[in-house]
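A structural walkthrough
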Amino acid sequence: MDKLVLIDGNSIAFRAFYALPLLTNQQGTYTNAAYGFTMMLMKVLEEEKPTHVLVAFDAGRVTFRHSDYEEYKGKRDKTPSELSEQFPLIKKILDTMGIRHHELDGYEADDIIGTMACQGDQQKMKTTIVTGDKDLLQLVTEYVTVLMTKKGVSDAQRYDIAEIDQRYGLTPKQIIDLKGLMGDSSDNIPGVPGVGEKTALKLLHEYGSVEEVLAHIDKLPGKKLKERVAEHQEQAKMSKQLATILCETPLDFDLSDLEYHSFDSAKVAPLFKQLEFKTLLQRISSADEELPVSTQAKDLTIHHITEENFAKWDSLFDEDQLSLFVEMNHPNYHRAEVLALALSSEENHLYIPISVAQKWEAFKNWLADPKKEKCAYDGKGAHVALRRYGLLATGISFDVMLASYLINPSESGHELSDIVTRKLDASLPADEDVYGKGAKRRQLEGEELAVHLTRKTEAMVKLQSILEEELENTGLSSLFFQVELPVSHVLAEMEWQGVKVDKEGLQELGKELSSRLKELTSNIFDLAGTEFNINSPKQLGEILFDRLGLPVLKKTKTGYSTSADVLEKLAPQHEIVEEILHYRQVSKLISTYVEGLMKERSEDDGKIHTRFQQAIAATGRLSSTDPNLQNIPIRMEEGRRIRKVFIPSQENWLLLAADYSQIELRVLAHLSGDENLIEAFHSNMDIHTKTAMDVFDVEADDVTPEMRRHAKAVNFGIVYGISDYGLSQNLNITRKEAGEFIERYLESYPGVRKYMDDIVKKAKQDGYVTTMLDRRRYLPDINSPNFNRRSFAERTAMNTPIQGSAADIIKKAMVEMKSALDEAHLSAVMLLQVHDELIFEAPEEELEKLTEVVRRVMEDAVELTVPLRVDVDAGKTWYDAK
DNA sequence: CCCCTCACG
DNA sequence: ACGTACGTGAGGGGC
């Protein structure tokens, strides 16, 4: 059966342009609108499987509508050149794909689409219009539907007659009347001033059309409304006319010219490659691929290592460098089963089942030899996993994952398949595609596993030299080899050690919290007068705002907001609110911490082994998963008690916590060179009190706790990339007041103001910012025409050098800590890192010496224009090491 | 699978 | 006028 798809080219390109960051390819061509457009196009082709396709564009700026109304589209901003220069590109893509596109002088894309939609309807041909413009809903009929992009371009909603009726209570034709009454500010269609969507819909439900409304002016409700409509009768009629889409545009083609047969990937692929549409490239090649995958795999000679034949491969270990990959059946390498290993040199590709590896002496010697260089992918995970099988891996001198991360830490994936797609002229199936996910997950075995695995190490050999060169070219080599790679070895050791957890203590805490939760629950039900699920924001919102009638202070996209900041404001109005806040706290402690930690505690050693993710955070920070040990409660006493269950692993040992005091503001003082801020740290003042003195112009003794609290928030704001709005939200003050605080701050610290201005300017020039140790973060939105995107990028430009340099510093300290502990003959071990804090366990008698060593290493990690200060505390539990 | 909420620095 | 604080991870609800 025939099927017609009509695409509103301008509308979709606009949507894509504002939804996506301002991407460019290597040649500097802007590609974001073309990319988003093509993504949408491919999706529609796949899902609709049309036999006929047309993309319509607007032509020029003057249309027949302008002769009726000069100001038509008058208020619209000029199309940014970054977008307009992409239209030829989009048309080229369409030509290459064999898709017809048309524009016509004096008419809009809407009219071309309207005319073809009418033809489709007359021929009873199923027709889909793709647009982001609600005007086109007027074209819907029994045969014609509209696919409306929601946010961005990926998500769309289909409108047929029933859906329009449900949404507006109107027929498609009445959409024109709706526009006639309410107007459209984006097209500068006036409508009737003061009549918005609500009023217009009410009138149309009553009278049906603009003409009928005008015929009954005297019956309209409200004096104001009557006057307005009476006064703007002509304008309403004209607005309706402007909004009416033409069905008789003089076109020099007809339906039969729009036939579409699937595109030729051999022609399209080179274009996508040039534009660097990598995901799309993968999609068009994987669609008719299957074959190339197996050909590639056939090219690869795999040597299957067995107990019988390994001896003849002993000489492989004379090679200077081999790539090693450890395949597991699960991402958590602390408990995953190792399936097999692969090993590649330039020429040879070995597949080694884990049981064979364990018996192969030459392999084990090579693996454990620090002088034998190994290129790994996630060397930390590989090391930990192999260690559980009695295999010691050292000498990991390159890590493909970490290199890819340093080259661009904002990139969405650093899976090997992602890196191959980005850096090589090849593709590798993603683990998820090979294994499936969730319930569909399957085990791989035999030849299939061997192929999948050796293709990885084969790719790694090629990647290593490319990545090494790229690191060198972008000034990242030293950070990589001196910090990032060594810290991965330190982290492997920390994770391997794990933290001991007091099981009984955790269970008791759980019991106590559960009975507290029970009391709270019954109190809340009493106060509400009914039972409901307190954990459901939806149900809670209904109770608070519908049943109890509390005022709605904030809404979310989906309904009422019940977040803590809202509830705190409502607390004085009803007893129940305080109880709910408390319930939330306790419930969080039970589910995330008591139950969450219990799940992750290993029965083997009574410890928790987190994984520190080293290739996630765009600023260079670490993160922690399964469980996250970087967000254990501390701010509220009730939650802080969770820390009592973290204990040393041996009798008469202690936990010791060492944290950098104000590291981010000290980094800011250093980076900005602001004299006032530098002086504050040299004189060892309380920095928030100092800020309060400057901002509020008072003496130290006159700083009230309230003033200090405000000053503290201003300091946070500065670090985050200040905005008056953000600060006003945080402090619950007006934007004007917040703006004044900021201005007073920047007057007191002129060096900071200059630094912030300069870093944004530099980011706009270079397209990236760097940290003290030359870590890089690209900011593709820094010159975006979209205010939100650009502002966000500007704040990131201010924040990343600060947060990122702090991350650099603690990583450097961690690398140096290992040898410092050895030299001091300490048996203490480092267990955790929490961004500006390191946690150790050690015998009691080492306390004094350890404190001295830890403080020295951390404080001397880098030399700044201000001193770094470290606070150290120790105790029997993490709670007591405060 | 997305949204909301909330824990940390 | 726009509508945000920076960086993370996890659990529960609901479609």
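Here the structure is a predicted model, which means the values were calculated and not measured.

Thresholds applied
Residues numbered from 1 in each chain as written. Chains lettered and ligands numbered in written order. Predicted model: local features only at pLDDT ≥ 70, side-chain atom pairs only at ≥ 80, totals over all residues. Heavy atoms only, no water. Disulfide = S-S within 2.5 Å. Helix = DSSP H or I, 4+ residues; strand = E, 2+ residues; numbered from the N terminus. Buried < 20%, exposed > 50% of the residue type's maximum accessible area, 1.4 Å probe, protein only. Contact = heavy atoms within 4.5 Å. Domains from an automatic or database assignment. Pairing = 2+ DSSP bridges. Axes fitted to C-alpha atoms, helices over the stretch in contact; angles between N-to-C directions.

Comments concerning the state of the cysteines
With the rule as written, the count across this model stands at one disulfide. Shown here is the disulfide that connects Cys118 with Cys247, its sulfur atoms set 1.9 Å apart. Placement of the pair is Cys118 in helix 6 (residues 109–122) and Cys247 in the loop between helix 12 (233–243) and helix 13 (265–275), with a sequence separation of 129 residues. Residue Cys247 is classed as partly exposed on the basis of its relative accessible area of 32%.

Here's the deal with the environment of Arg795
In this structure, Arg795 sits in helix 36 (residues 787–823). Taking the C-alpha atoms as reference points, Arg795 and Gly721, separated by 74 residues in sequence, lie 4.2 Å from one another. Beyond its immediate chain neighbours, meaning those up to four positions away, Arg795 contacts Tyr720 and Gly721.

Section: the domain arrangement of chain A
Each domain of chain A was delimited in the assignment, giving domain 1 (1–161 + 247–277), domain 2 (173–242), domain 3 (292–498), domain 4 (500–608 + 617–647) and domain 5 (665–800). Summarising the inter-unit geometry, the C-alpha centres of domain 2 and domain 5 are found 49 Å apart.

Remarks on the sheet that holds strand 9 (residues 338–344)
Strand pairing within a sheet occurs via backbone hydrogen bonds; the two strands may be parallel or antiparallel. With mixed pairing, the six strands of this open sheet are ordered in space as 7-10-9-8-11-12. On the outer flanks of this sheet lie strand 7 (302–304) and strand 12 (396–399), each paired with one strand and no other. Averaged over all pairs of adjacent strands, the angle between their axes in this sheet comes to 30°, without regard to strand direction. For strand 11 (residues 373–376) and strand 12, the ladder comprises three bridges, and the chain directions are parallel.

A look at unusual backbone geometry
Cis geometry marks the peptide bond from Asp626 to Pro627, where omega comes out at -5°. Along the chain, Pro627 falls in the loop between strand 16 (623–625) and helix 28 (637–640). Non-glycine residue Asn652 carries a positive phi angle of around 60°. Along the polypeptide, Asn652 turns up in the loop between strand 17 (646–647) and strand 18 (653–660). Unusually for a residue other than glycine, His835 sits at a positive phi of about 70°. Following the sequence through the fold, His835 ends up in the loop between strand 21 (829–833) and strand 22 (837–843).

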